[in-house]
Amino acid sequence: MLIVIVLGYVVVGGVELFLWKERPWQEVLVYLLLLSATATFSVLLTIDAQLPVPEPLGTLWNWLQKLWQ
Amino acid sequence: MINESVPERQGAALVFLFIIGNSFVFGLARWAGRDLWLSFLVAIVLALPLILVYGRLDTLMHGQSFSEGLHRLFGKWPSRLVALIYSFYAWRLGCLVTGNITNFVQAVSLPDTPQVVMASAYAILVLWAVKEGIEVLARFSSVMVIFVLLILLTALALATTEVDLQEFFPILYDGFWPVFQGAFQLLDFPFLETVLLVGLANALTTKKNSAYKVLIPGFLLAAFFLMLVASASVAILGEEMYKITFFPVFLAIARIDIALFLTRLEVVVGVTFAIGGFLKISVCLLVASKNLAHALGFPDYRFLVTPLVLSIIPGSQWFAKSVMEMNLGATKIAAFTDVMVQIVLPMIFWGVAEIRMSRVRKNKAGKPSGI
C-alpha cells in the first residue's frame, strides 16, 4: 500500500512537472518539497491511523497551568 | 499578479454558499436547545460588527490583493508570517470540511466505502476548481445558490406538516447562559469563518464599497436560512433528539412523509451538503494557496495548488478520526486558534490600517483610497 501511495505521488508530480510550460528552479524546488511533505504525511497516516495532531498551543497552556500550580 | 474580478451578486452567492457549506447538517447551537433561535439572533448581532470589519478591510485594500495589502501594512517579513498563519488556517479548515463530508457520507449512505475514496474524488474536483480561480467558483455559486435555495425552501415547506411549535416552549427555561454558549459556537463555526474571504479581497471588491454589498447580504441570508433549518429541526425532532443526534437536519427531513408518496427527501440534504462542501473546500484551498505563495514570495499561486489539495486527503483523516470527534469539533463553543484568527488578528489589521489611512490623509502624500 505504501509503495502504491508513493508511486501515485511520483506519477502526479512527474506528469504535472512535464506539463509546465516553464520550470523556474525556485518553483520546482518548492513544488517538489511540498509534494514530498504531502507524500510523507500520507505514508505516516497509512502506517498509523491514530497519528496524534500536534497541539503547540495546548502544550503551552498545559505548561502555563503547571507553572501556576 | 493575476487580475480577478467577481460581480457583487456572484460574490454574495459565494458568501452564502460558503457559510451554509458544510454547517447546516450539524446540530448548530445545540447548547441552547429549544432556545437556539435566540442563539442565532445573538450570534448574528455579535457577528455583524466583525463582518463589517472584514468588509472595511476589503474596502481599505481596494485595488490590491490581500498579500499586497498585508505587505503595505506590516512590511515584508511580518506580512509573510501573517500570510503563513492564514494559509495554515485555511488548509486546516479545508481538511476539516473534507473530513465532515467523508464522515457524513460514510455515516448515512456508504458505510463500507473507505473515506479516502470520497476524499480523493473531492480532491480532484477541488484541484480543478482552485486552478480555475475565484471567478469560476463565483459563477458556480451564482448558479448553485438557486438550487440550494429551492431545495431548502421546498424541504422547509414540506417539513411544516411535521412541525410542533410547542417544542419551543417554555422560552429561556434554562436561562441566558446556554443561549450565549450556542451563540459563541455559531460565531466560531460557521459565521466568522468568512474571515477567509478577506484573503480574496481583490477579486470581491469590484467597486470601492462593494465588499459590504457582497459580505452583508450573503451573511444575513445564510444566517437566516441556517436559523430556519435548525429551528425547524428542533420543532420536528424535539430538543433532546436534536442535541444527541449527529446530523439532526438529515433526520428531520427524513421524517417528511406526504401521503406516503413523497418520502426519503433526506437525499436532497446530502446534495446541498455536497455542493456547499465542495465550494467551501475550494475557497479554503484557494486562500491557502494564495497566502502560501505570498509567504514564500511567489507572485503566482497555481503551482502550489496540487500539493496542497492532495494534502487534504490525509489531512481529512487526521484532524477528525471519527464521526463523534468531528461532531464535537464542529459544535465546540470556541477554540483559541479560531478566536485569534477570526477576531484578534482582523481587529489588529483594521486598527493598523485605519491609523495608516489617517496618516496618509493628514500628509496628503498618497492616495486616500487604499492602505
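Notes on the environment of Trp31 of chain B
Residue and element names in this part refer to chain B.
Now for step 1: In this structure, Trp31 sits in the loop between α1 (8-20) and α2 (36-60).
Now for step 2: Distance in space between the C-alpha atoms of Trp31 and Lys243 is 7.6 Å, their sequence separation being 212 residues.
Now for step 3: Beyond its immediate stretch of four places on either side in the chain, Trp31 contacts Pro178, Gln181, Gly182, Gln185, Lys243, Thr331 and Ile333.
Now for step 4: Polar side-chain contacts of Trp31 include one of 2.9 Å to the backbone oxygen of Thr331.

Some thoughts on the pattern of salt bridges
Residue and element names in this part refer to chain B.
Now for step 1: Using the criterion set out here, one finds 9 salt bridges over all chains in the structure.
Now for step 2: One salt bridge in this structure joins Arg56 and Glu354, with 2.5 Å as the shortest N-O distance. Linking Arg56 in helix α2 with Glu354 in helix α15 (residues 336-363), this pair joins segments that are 298 residues apart in sequence.
Now for step 3: Across the pair Asp338 and Lys332 runs a salt bridge whose closest N-O atoms are separated by 3.5 Å.
Now for step 4: Bridged by salt links that share partners, the residues Arg92, Asp188, Lys332 and Asp338 form one connected network.

Some remarks on the confidence of the model for chain B
Now for step 1: Per-residue confidence for chain B gives a mean pLDDT of 88; residues scoring 70 or more make up 96%.
Now for step 2: Scoring the predicted complex yields pTM 0.92 and, for the interface, ipTM 0.89.

Concerning helix α2 (residues 25-47) of chain A
Now for step 1: End to end, α2 of chain A covers 32 Å across 23 residues, agreeing with the expected 33 Å (1.5 Å per residue, within 8%).
Now for step 2: Buried within α2 of chain A we find Glu27, Val28, Val30, Tyr31, Leu35, Thr38, Ala39, Phe41, Ser42, Val43 and Leu45 of chain A.
Now for step 3: Where α2 of chain A is buried, its residues meet α1 (2-19) of chain A together with α4 (76-108), α12 (266-296) and α13 (305-319) of chain B.

Quick notes on the interface of chain B and chain A
Now for step 1: Contact with chain B, which involves 18 residues of that partner, is made by 21 residues of chain A.
Now for step 2: For the interface between chain B and chain A, the tally reads 1 salt bridge.
Now for step 3: The shortest N-O distance in the salt bridge between Glu16 of chain A and Lys131 of chain B comes to 2.3 Å.
Now for step 4: Where chain B touches chain A, the interface holds 5 residue pairs in polar contact (both at pLDDT 80 or more).
Now for step 5: Elements with a contribution of two residues or more to the side of chain B that touches chain A: α12, α13 and α15 of chain B.

Notes on the side chain of Glu239 of chain B
Residue and element names in this part refer to chain B.
Now for step 1: Relative to the helices and strands, Glu239 is located in helix α10 (residues 239-244).
Now for step 2: Note on Glu239: relative accessible area 11%, which makes it buried.
Now for step 3: If sequence neighbours within four positions are ignored, Glu239 has contacts with Gly33, Arg34, Glu167 and Val234.

Here we look at the side chain of Arg30 of chain B
Residue and element names in this part refer to chain B.
Now for step 1: Looking at where Arg30 falls in the secondary structure, it is placed in the loop between α1 and α2.
Now for step 2: Among buried charged residues, Arg30 stands out as having no salt bridge; its nearest opposite-charge side chain is Glu240, 9.7 Å away.
Now for step 3: From its side chain, Arg30 meets the backbone oxygen of Thr245 in a polar contact 3.3 Å long.
Now for step 4: Residues within four places of Arg30 in sequence aside, it is in contact with Gln185, Tyr242, Lys243, Ile244, Thr245, Phe246, Asn327 and Thr331.

Focus: the environment of Leu57 of chain B
Residue and element names in this part refer to chain B.
Now for step 1: Relative to the helices and strands, Leu57 is located in helix α2.
Now for step 2: Overall, the relative accessible area of 1% leaves Leu57 in the buried class.
Now for step 3: With 175 residues separating them in the primary sequence, Leu57 and Ala232 have C-alpha atoms 35 Å apart.
Now for step 4: Those residues in contact with Leu57 that lie beyond four places of it in its chain are Val198, Pro346, Phe349 and Trp350.

So, how was this worked out
Residues numbered from 1 in each chain as written. Chains lettered and ligands numbered in written order. Predicted model: local features only at pLDDT ≥ 70, side-chain atom pairs only at ≥ 80, totals over all residues. Heavy atoms only, no water. Helix = DSSP H or I, 4+ residues; strand = E, 2+ residues; numbered from the N terminus. Contact = heavy atoms within 4.5 Å. Polar contact = N/O pair within 3.5 Å; in protein donor to acceptor, adjacent residues only side chain to side chain. Salt bridge = Lys/Arg side-chain N within 4 Å of Asp/Glu carboxyl O. pLDDT = per-residue confidence, 0-100. Expected span 1.5 Å × (residues − 1). Buried < 20%, exposed > 50% of the residue type's maximum accessible area, 1.4 Å probe, protein only. Lys, Arg positive; Asp, Glu negative; His and termini not counted.

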